[in-house]
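An overview of the molecular structure
Given next are the chains, with one letter for each unit.
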Amino acid sequence: MKVLIVDDEKHVRHAIRMLVHWEACGVTEVIEAESGDQAIEVITAFSPPVVLTDMRMPGKDGVALMEWIQVNSPATRVVVVSGYDDFELVRQVIRRGGMDYILKPVDPVEINEALTKATQAWQTAEQDRNRHTMQAIEVNRMRPHYADKLLTELVSGTANTHLSITPLREELHLPAAIHMCNAAVMSTTQLDADILDKYKTRHTLLGFSLINICNEFLGNSQTGIAFRHLERMDEIILLYWGEPSRWPLLLQDIHTGIRTALRCYMHIGIGSFGAFPVAAATAYQEARQALWKRDMLQAADWLHHSSLARQAVRLPQLPEMEEELRLSALSCNASRIAAAAGGWIAAVAELPSVTAEQLVGWNQELDWMLARWLNDRPGDAAGEELADEHSSIPALPIDNRGLLSLPLWQKQVENRLLAAGQALTPSHSPSNPVIRDIARYLDAHYDEDISLQDMASRFYLSREYISRKFKQEYGVNLSEYLCRIRMDKAKLLLLNDKLRLHHIAGMVGYQDEKYFGKVFKKLEGITPGEFRKRHSVDPQPLTHTAHDLPRHH
């Protein structure tokens, strides 16, 4: 804590310095000023919590200084040290928020008591200010979530009466009279793999970016709002209450804006207009159905209306091909797996149309089938080897126009069957080839943001299986292995004196230099700076690399 002493007499300032028990009051720095004008400069620059000031000084006197503090630094506590026993001066001090009025010559007990009271008052007020600030931050942080909650309830049909939307009107400052409304829906699940891979560790940022783009157009026209559905986190909903004829044009602007800003092709489902607020839920359901029942085989427009009744067509059934798929997986033969998967994909290609809803259903059916194979193994009920449907299913096989890519889908199916076969026949090799592939991937991509979840998605296995098998193969878990690779690379880079530590941290996969230093010291016993100094003149042999770690088979 800083304290400022203001007095035009040097010997008075010196006396106060000598008499006060600064450390007992928590004071770490004492600053001096010779006048009120100089004191203002110091307060502006350093914001001392407590000021001890004289009253009679050339230029700005104590009264003028206190007036300035009241306006410009109201949190500062002031104690007056004066040689004038003047009632009018005392009244001026009290009126301007002074904590105490001490007469010269200064009594040690009085000055220490006054300073203690002033510092304690400032600390109490500071705690209150911090608490109010944190409350304000929390309120501001929760407000968007609260708005999303109210809007989610509206489109879910649980808050569609005029009485129940009163909180929504107050929160979003909706127009007083909204007669008609409509809704549109987009889903991040229906984006191509390239854009999802770009945001693989920042899915929330992708959603926020899309919402911000939508609200930029909706906000400019003041005719709607975009928000995230809290029960379907992949969905972004656009609620519109403006002129119906303007709605398609506005959606065109939004679609173009997304393509320009994010370089992705976004399909949007749209509902029909109805009376607000009751029709909001109906419009949302129509828009969602339009999006998920769109034909993914045809290069149709990006805007989709509620699907018309489709001609009944018999869909290919995975169970009918299960035995062929299982035998191909057990063979662990890439050509045989490709032939079996190709039979399934060819059957789908014969269909007149394929919806996004059907595609998700087939992928889930394949997941259940593979999980059942693993659960049926004699003496082994650990069916967690393959990735679970909610956390690790690869992105839908969609191209950059949002259409179904049959070659990409076939590759995904082949990878899943191969992973299942290797999990079902673990004894075909003295070491696990998939785990070795994961280790090689870590060796090549150590500078990227990699998590166990990323590896589960990329290699079509569950996090639990990878974690268990990796430890068996290398004697350490995946994060420890990756950390050792990064530290070995960092030690090589530290030998180059021209590279700054924050650059080295980024080059080995750490965005936070302090965290990098903490991890380095934990593993090496010294800081990166100490390592650099120790090896700058007489380099010592580096310690073992990740490849030297013991392997267990």
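Heads up: these notes are all about the structure in this document. These numbers come from a predicted model, not from an experiment. (Residues numbered from 1 in each chain as written. Predicted model: local features only at pLDDT ≥ 70, side-chain atom pairs only at ≥ 80, totals over all residues. Heavy atoms only, no water.)

Attention shifts here to the sheet that holds strand β1 (residues 2-6). Here 5 strands make up an open sheet; going across it, the order is β2-β1-β3-β4-β5 and the pairing parallel. Of all the strands in the sheet, the pair left with one neighbour each is β2 (29-33) and β5 (100-103). When strand polarity is set aside, the average angle formed by the axes of neighbouring strands in this sheet is 20 degrees. Where β1 and β2 come together, 5 bridges link them in parallel fashion. Considered in β2, the bridge of leucine 4 is made with isoleucine 31. (Pairing = 2+ DSSP bridges. Helix = DSSP H or I, 4+ residues; strand = E, 2+ residues; numbered from the N terminus. Axes fitted to C-alpha atoms, helices over the stretch in contact; angles between N-to-C directions.)

This part covers helix α8 (residues 203-221). Its 19 residues give α8 an end-to-end C-alpha distance of 28 Å, which sits within 8% of 27 Å, the value for a rise of 1.5 Å per residue. When the local axis directions of α8 are compared, the greatest deviation, roughly 25 degrees, occurs at asparagine 215. Along α8, the residues classified as buried are Leu206, Gly207, Ser209, Leu210, Ile211, Ile213, Cys214 and Leu218. Turning to α8, the residues buried within the fold contact β6 (180-187), α7 (193-198), β7 (224-228), β8 (235-240) and α9 (247-262). (Expected span 1.5 Å × (residues − 1). Bend = angle between axes of the 7 residues up to and from the residue. Buried < 20%, exposed > 50% of the residue type's maximum accessible area, 1.4 Å probe, protein only. Contact = heavy atoms within 4.5 Å.)

This brings us to the pattern of salt bridges. Summed over the entire model, instances satisfying the criterion amount to 21 salt bridges. Two residues, lysine 104 and aspartate 7, come together in a salt bridge whose shortest N-O distance is 2.9 Å. Of the two residues, lysine 104 is situated in the loop between β5 and α5 (108-156) and aspartate 7 in the loop between β1 and α1 (10-19); the sequence distance between them amounts to 97 residues. Assessed through its relative accessible area of 1%, aspartate 7 is described here as buried. Between glutamate 524 and lysine 491 there is a salt bridge, and its shortest N-O distance comes to 3.5 Å. Separated by 33 residues along the polypeptide, glutamate 524 in helix α20 (residues 513-524) and lysine 491 in helix α18 (residues 478-494) bring together distant segments of the chain. Exposure class is identical for glutamate 524 and lysine 491. Each is buried. (Salt bridge = Lys/Arg side-chain N within 4 Å of Asp/Glu carboxyl O.)

The next subject is the packing of aromatic side chains. For the structure on display, the rule yields 13 aromatic pairs. A centroid spacing of 6.1 Å and a plane angle of 75 degrees characterise the contact between tyrosine 240 and phenylalanine 273, whose relative ring orientation is edge-to-face. With tyrosine 240 in strand β8 and phenylalanine 273 in the loop between β9 (268-270) and β10 (274-275), the pair connects residues that are 33 residues apart, well separated along the chain. Given a relative accessible area of 27%, phenylalanine 273 falls into the partly exposed group. Here a set of aromatic residues connected by ring pairs shows up, and it is made of Tyr510, Tyr515, Phe516, Phe520 and Phe531. For arginine 56, the ring lying beneath its charged end belongs to tyrosine 84, and the centroid distance is 5.2 Å. Between arginine 486 and the ring centre of tyrosine 510, over which it is positioned, the NZ or CZ distance is 5.0 Å. (Phe/Tyr/Trp six-rings, centres within 6.5 Å; stacked < 30°, edge-to-face > 60°. Lys NZ or Arg CZ within 6 Å of the ring centre and 35° of its normal.)

It is worth spelling out the pairing of β6 at this point. With 7 of its 8 residues buried, β6 lies for the most part within the structure. Bridge analysis of β6 against β10 gives 2 bridges, and the strand direction is antiparallel. When the bridges of β10 are listed, cysteine 181 appears paired with glycine 274. Strand direction decides the pairing type here: β6 and β8, joined by 6 bridges, are antiparallel. The residue bridging valine 185 from the neighbouring strand is isoleucine 237, located in β8. Bridge count for β6 against β9 is 2 bridges, and the pairing is antiparallel. Each bridged residue has a counterpart across the sheet, and for alanine 184 the counterpart in β9 is isoleucine 270.

Taken by themselves, the reported measurements are silent on function.
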